[in-house]
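Below are the chains, spelled out letter by letter.
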Amino acid sequence: MDRRHFYYAVRLSVIGAFYLGGWALFVWLGDSWLQLLVAVALAVVFAQFGFVAHDLGHRQVFSSRRPSDLAGRLIGNLGVGLGWGWWTSKHNRHHANPNHEDHDPDVSPAVIVWSTEQVARSRGIPRFFAKYQAFWFFPLLTLEAWHLHVASVKALLKPSVKRRGLELTLLATHFVVYFGVVFAVLPFGKALLFLIVHQGLFGVYLGSTFAPNHKGMPILTKDDELDFLRKQVLTSRNVRGGWFTDVALGQLNYQIEHHLFPSMPAPNLRKAQPIVERYCAELGVSYLQTGFVESHAQALRHLHEVGADLR
């Protein structure tokens, strides 16, 4: 549970260098089709910044709130254009009740429906997609980053948000500089294509990281009464892999351990994994760990089965 200040200093330095280097390369290349490769690289960098912001939200980097919030707002609002206060509040509600259809905002049927009960109650857009939502899932992820941007702005328009003025200023600065640089360097058509590729892949990367964690795992209702351990473990899935998987998924592939110990620094989750797995085995609690491809396959099969009645 000890903080890993040196680790995060190195990690932020590396990601920050790639962030600044990516934009420097963008300006240097100018009007070139090679900018689409820069868009791909910056999508990865933006997602990696998002992972660090996630860790800051759980106070994995700093033990106190003030430095965590300051760094989170700088990285989230200013760096990648995501509202820090809104997202951390939403994410904390997810952690408190993962996969609970009444309390987890991540399984609300806004577009995708997650259970047969939600399908039966669905109307409009969710019902339209539900029939073949497994096939729609990845195409819809290309809009995820735009959705997060819009949701961040909408949340900050509410006067009840803490540090609203600061967050709005940082968010507005991000978008002014981001769109200003893109449209100043590239002609209009290429600029639009850059935005589509960059934001689309940013969304797909984020979605592909979070989807294996809970999608396809049991959906809880008000009738389910589980203790903390079972509520967190039975609704989560680990993704097996080596160092590359850890880096690519921001250590969120240790989702079970992360949900049990959300303030544990991300690089320590690998050490906790065998301890938690053994303990679950002793208690007879199901502990699911699978490969990256199979984790997505399980999630997509679940989405397809949920929409079966509409087919």
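Everything below is about the structure printed above this text.
The rules behind each value
Residues numbered from 1 in each chain as written. Predicted model: local features only at pLDDT ≥ 70, side-chain atom pairs only at ≥ 80, totals over all residues. Heavy atoms only, no water. Helix = DSSP H or I, 4+ residues; strand = E, 2+ residues; numbered from the N terminus. Buried < 20%, exposed > 50% of the residue type's maximum accessible area, 1.4 Å probe, protein only. Contact = heavy atoms within 4.5 Å. Core = buried A, V, L, I, M, F, W, Y, C linked by side-chain atoms within 4.5 Å. Axes fitted to C-alpha atoms, helices over the stretch in contact; angles between N-to-C directions. Left-handed = near helix turned anticlockwise from the far one by under 90°. Nonpolar A, V, L, I, M, F, W, Y, C, P; charged D, E, K, R; others polar. Phe/Tyr/Trp six-rings, centres within 6.5 Å; stacked < 30°, edge-to-face > 60°. Polar contact = N/O pair within 3.5 Å; in protein donor to acceptor, adjacent residues only side chain to side chain. Salt bridge = Lys/Arg side-chain N within 4 Å of Asp/Glu carboxyl O.

Draft legend 1. Spotlight on the overall build of the protein. Counting secondary structure elements, the protein contains 15 helices and two strands. Across its three principal axes, the protein shows a C-alpha extent of roughly 60 × 50 × 40 Å. Counting over 311 residues, the protein shows a buried share of 50%. Across the protein, contacts joining residues at least 24 apart in sequence account for 68% of those joining residues at least 6 apart.

Draft legend 2. Spatial organisation of the environment of Leu192. Tracing the chain through its elements places Leu192 in helix H10 (residues 188-214). Judged by its relative accessible area of 37%, Leu192 is partly exposed. Each C-alpha atom of the pair Leu192 and Trp28 lies 19 Å from the other, and the pair is 164 residues apart in sequence.

Draft legend 3. Structural view of the nonpolar core. Of all hydrophobic cores here, the largest spans 41 residues; its most connected members are Trp23, Phe26, Leu56, Val182, Phe194 and Phe202. Sorting the residues of this core by element identifies helix H1 (5-29), helix H2 (35-57), helix H3 (65-80), helix H4 (84-96), helix H8 (144-156), helix H9 (164-185) and H10 as the ones contributing at least two each. For this core, the leading source of residues is H2, giving twelve residues. Contacts of Phe26, omitting those with residues within four sequence positions, involve Gln35, Val38, Val181, Val182, Val185, Leu186 and Phe194.

Draft legend 4. Representation of the packing of H8 against H9 within the structure. Between H8 and H9, the shortest axis-to-axis distance is 10 Å and the interhelical angle comes to 145 degrees. The element H8 and its partner H9 pack so that their crossing is left-handed. Facing H8, whose interface residues are Trp146, His149, Ser152, Val153 and Leu156, H9 presents Arg164, Glu167, Leu168, Leu171, Phe175 and Phe179. Its residues assigned to classes, the contact of H8 with H9 shows seven nonpolar, two polar and two charged.

Draft legend 5. Just the packing of aromatic side chains, in detail. Under the defined criterion, the tally for this structure stands at 19 aromatic pairs. Plain terms: the ring middles of Phe128 and Phe129 are 5.2 Å apart, the flat faces sit at 75 degrees to each other, and that makes the pair edge-to-face. Relative to Phe188, the ring of Phe183 lies with its centre 5.7 Å away and its plane at 35 degrees, an arrangement referred to as tilted. With a relative accessible area of 57%, Phe188 lands in the exposed category. Each residue in the set Tyr19, Trp23, Phe26, Phe46, Phe49, Phe175, Tyr178, Phe179, Phe194 and Phe202 is aromatic and connected to the rest through ring pairs, giving one cluster.

Draft legend 6. Layout of the side chain of Gln35. Looking at the secondary structure, you find Gln35 in helix H2. A residue is classified by how much of its surface remains accessible, and Gln35, at 2% relative accessible area, is buried. One polar contact links the side chain of Gln35 to the main-chain carbonyl oxygen of Phe26, over a distance of 2.7 Å. Ignoring sequence-local partners within four residues, the contact set of Gln35 consists of Phe26, Leu29, Gly30, Val185, Leu186 and Phe194.

Draft legend 7. Inspection of the pattern of salt bridges at higher detail. The full count for this structure, using the stated rule, is eight salt bridges. Notably, a salt bridge pairs Asp31 with Lys190, separated by 2.6 Å at the nearest N-O pair. Residue Asp31 is found in the loop between H1 and H2, and its partner Lys190 is found in helix H10; the two are separated by 159 residues along the sequence. Linking Arg301 and Glu294 is a salt bridge whose minimum nitrogen-to-oxygen distance equals 2.8 Å. In this structure Glu294 comes out as partly exposed when scored by relative accessible area, which is 31%.

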